[in-house]
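The residues making up each chain are set out below.
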Amino acid sequence: QVQLVESGGGLVQPGGSLRLSCAVSGDSTSRLVTGWFRDAPGREREFVATFSGTPYYAENVKGRFTISKDNDNNMVYLQMNRLRREDTATYFCGARYYGQVEYEFWGRGTQVTVSS
């Protein structure tokens, strides 16, 4: 069973940066499509970024966020720069196997708060 554990969230001022980490166990990240999603109060879960060979981003984070994957260490990262108040959310790491449509595995999330 694939398990995901996020870390790296916190409080940051607008314009600041954070790097989120997702530790993956139970299978190799080289066999998984991995992504980041976020939940904010009053909003449905929102896609942020995914990596399945090449990175793909939501329009509202493109140019500010970078997703990366370290298959040697079974880690997935989300580097977030030029953070805005509207980026405040709980960020979740998700994974699915290649060929699956839906993300099957989820972490418990890490809170990111952008505030002065």
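Residues numbered from 1 in each chain as written. Predicted model: local features only at pLDDT ≥ 70, side-chain atom pairs only at ≥ 80, totals over all residues. Heavy atoms only, no water.

Enquirer: Could you give an account of the sheet that holds strand β1 (residues 3-7), naming the residues involved and the relevant values?
Expert: An order of β1-β3-β8-β7 is seen for the four strands of this open sheet, with the pairing classed as antiparallel. Two strands lie at the open edges of the sheet, namely β1 and β7 (65-70), each paired on one side alone. On average, each strand axis in the sheet is tilted by 15° relative to the strand beside it, whichever way the strands run. Relative to strand β8 (residues 75-80), β7 runs antiparallel, the two sharing six bridges. Bridging from a neighbouring strand, T66 pairs with Q79 of β8. (Pairing = 2+ DSSP bridges. Helix = DSSP H or I, 4+ residues; strand = E, 2+ residues; numbered from the N terminus. Axes fitted to C-alpha atoms, helices over the stretch in contact; angles between N-to-C directions.)

Enquirer: Summarise the pattern of salt bridges; cite the residues concerned and give the values.
Expert: Applying the stated rule across the entire model yields seven salt bridges. When the shortest N-O distance is used, the salt bridge between D87 and R38 registers 3.0 Å. With a gap of 49 residues between them, D87 in the loop between β8 and β9 (89-97) and R38 in strand β4 (residues 32-39) connect regions that are remote in the sequence. For the pair D87 and R38, one class covers both residues: buried. (Salt bridge = Lys/Arg side-chain N within 4 Å of Asp/Glu carboxyl O. Buried < 20%, exposed > 50% of the residue type's maximum accessible area, 1.4 Å probe, protein only.)

Enquirer: Describe in detail the pairing of β7, supporting the description with residues and values.
Expert: Side chains F65, I67 and K69 of β7 all project onto a buried face; the interleaved residues T66, S68 and D70 project onto a face where none is buried. Counting the residues that bridge the hairpin from β7 to β8 gives four residues, and of these N74 lies at a positive phi of roughly 55°.

Enquirer: Explain the packing of aromatic side chains to me, using residue names and the numbers behind them.
Expert: Taken as a whole and assessed by the stated rule, the structure comprises six aromatic pairs. Ring centres of F37 and Y103 lie 4.9 Å apart, and the angle between their planes is 75°; this geometry places the pair in the edge-to-face category. Residue F37 is located in strand β4, and its partner Y103 is located in the loop between β9 and β10 (105-106); the two are separated by 66 residues in the primary sequence. Here F37 falls in the buried class, since its relative accessible area comes to 10%. Among the aromatic residues, those joined into a ring-pair cluster are F37, F47, Y56, Y103 and W106. (Phe/Tyr/Trp six-rings, centres within 6.5 Å; stacked < 30°, edge-to-face > 60°.)

Enquirer: Outline the pairing of β9, supporting the account with residue identities and numerical values.
Expert: In terms of burial, β9 is largely enclosed, as seven of its nine residues are buried. Pairing geometry for β4 and β9, over eight bridges, is antiparallel. The residue bridging W36 from the neighbouring strand is C93, located in β9. Pairing between β9 and strand β11 (residues 110-114): three bridges, direction antiparallel. Following the sheet pairing, T90 is matched in β11 by Q111. Here β9 pairs with β10 via two bridges, running antiparallel. Paired with A95 across the bridge in β10 is F105.

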